[in-house]
Amino acid sequence: MKTDQSKNLEALLVIVTGFLVLYFVFDIKILLYVALAVGLISILIKPLAFLLAKAWYKLGDLLGWIVSKIVLSLMFYVLLVPLALLHNLFNKNAMQLKNTSKSMWKLREHTYAENDFKNTW
């Protein structure tokens, strides 16, 4: 199991690597300096490194909360709502909610065999 210090160092390594990748992709020199600063802070100033790692995890929590709401909302409105509307369009009374008979009881003529009681779940 990882300790808190190793998790923090791992998070800081991810931050440094991310800034380096962004530097190589966009060729913005400030990103290289930011990566160097975060790397040096993580080596030399432990309390500040701890705060950077804590901020990184809080940012991850915030992004996870926001993205989960967006993804779940999109799935609901793009996938489930049209499927429900199509189902209601083609299956008028699937749950028999508008039953006009006197009783909802349905007689089932079935003779039980031994296999009916095996693997009931």
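Everything numeric here is computed off the predicted structure, so don't read it as measured data.

> Give me the lowdown on the overall build of the chain, citing residues and values where you can.
Looking only at helices and strands, the chain has three helices and zero strands in total. Along its sequence from the N terminus, the chain presents helices and strands in the succession α-α-α. For 121 residues, the compact-globule estimate of 2.2 N^0.38 gives 14 Å, and the chain exceeds it by more than 25% at 29 Å. Its C-alpha atoms give the chain principal-axis dimensions of about 80 × 40 × 25 Å.

> If you had to explain the packing of aromatic side chains to someone new, which residues and values would you point to?
A complete count under the given rule lists three aromatic pairs for this structure. Seen in terms of ring centroids, Phe76 and Tyr77 are 4.9 Å apart; in terms of plane orientation they differ by 85°. Their pairing is edge-to-face. Seen from their ring centres, Tyr112 and Phe117 are 5.8 Å apart, and the 35° between their planes marks the pair as tilted. Like Phe117, Tyr112 is exposed.

> So what's going on with the packing of helix α2 (residues 29-44) against helix α3 (residues 46-90)? Which residues, and what values?
For the pair α2 and α3, interaxial distance at closest approach is 6 Å and the crossing angle is 125°. Classified by the angle between their axes, α2 and α3 sit oblique to one another. The element α2 and its partner α3 pack so that their crossing is left-handed. Taking contact as the criterion, the partners of Val38, Ile41, Ser42, Ile43 and Leu44 in α2 are, on α3, Lys46, Leu48, Ala49 and Leu52. A breakdown of the residues in the contact of α2 with α3 according to their chemical character gives seven nonpolar, one polar and one charged.

> Give me the nonpolar core: which residues, what numbers.
Core analysis: the largest hydrophobic core is formed by eight residues, namely Ala11, Leu12, Ile15, Val16, Ala35, Val38, Ala49 and Ala53. Contributing elements (two or more residues each) for this core: α1 (4-26), α2 and α3.

> How would you sum up the environment of Lys2? Please name residues and give values.
Counting through the fold element by element, Lys2 comes out in the segment before α1. The spatial distance from the C-alpha of Lys2 to the C-alpha of Leu48 is 20 Å, given a sequence separation of 46 residues. Setting aside chain neighbours within four positions, we find Lys2 in contact with Lys7 and Glu10.

Reading the values: the criteria
Residues numbered from 1 in each chain as written. Predicted model: local features only at pLDDT ≥ 70, side-chain atom pairs only at ≥ 80, totals over all residues. Heavy atoms only, no water. Helix = DSSP H or I, 4+ residues; strand = E, 2+ residues; numbered from the N terminus. Rg over C-alpha atoms; globule rule 2.2 N^0.38 Å. Phe/Tyr/Trp six-rings, centres within 6.5 Å; stacked < 30°, edge-to-face > 60°. Buried < 20%, exposed > 50% of the residue type's maximum accessible area, 1.4 Å probe, protein only. Axes fitted to C-alpha atoms, helices over the stretch in contact; angles between N-to-C directions. Parallel < 35°, antiparallel > 145°, perpendicular 65-115°, else oblique. Left-handed = near helix turned anticlockwise from the far one by under 90°. Contact = heavy atoms within 4.5 Å. Nonpolar A, V, L, I, M, F, W, Y, C, P; charged D, E, K, R; others polar. Core = buried A, V, L, I, M, F, W, Y, C linked by side-chain atoms within 4.5 Å.

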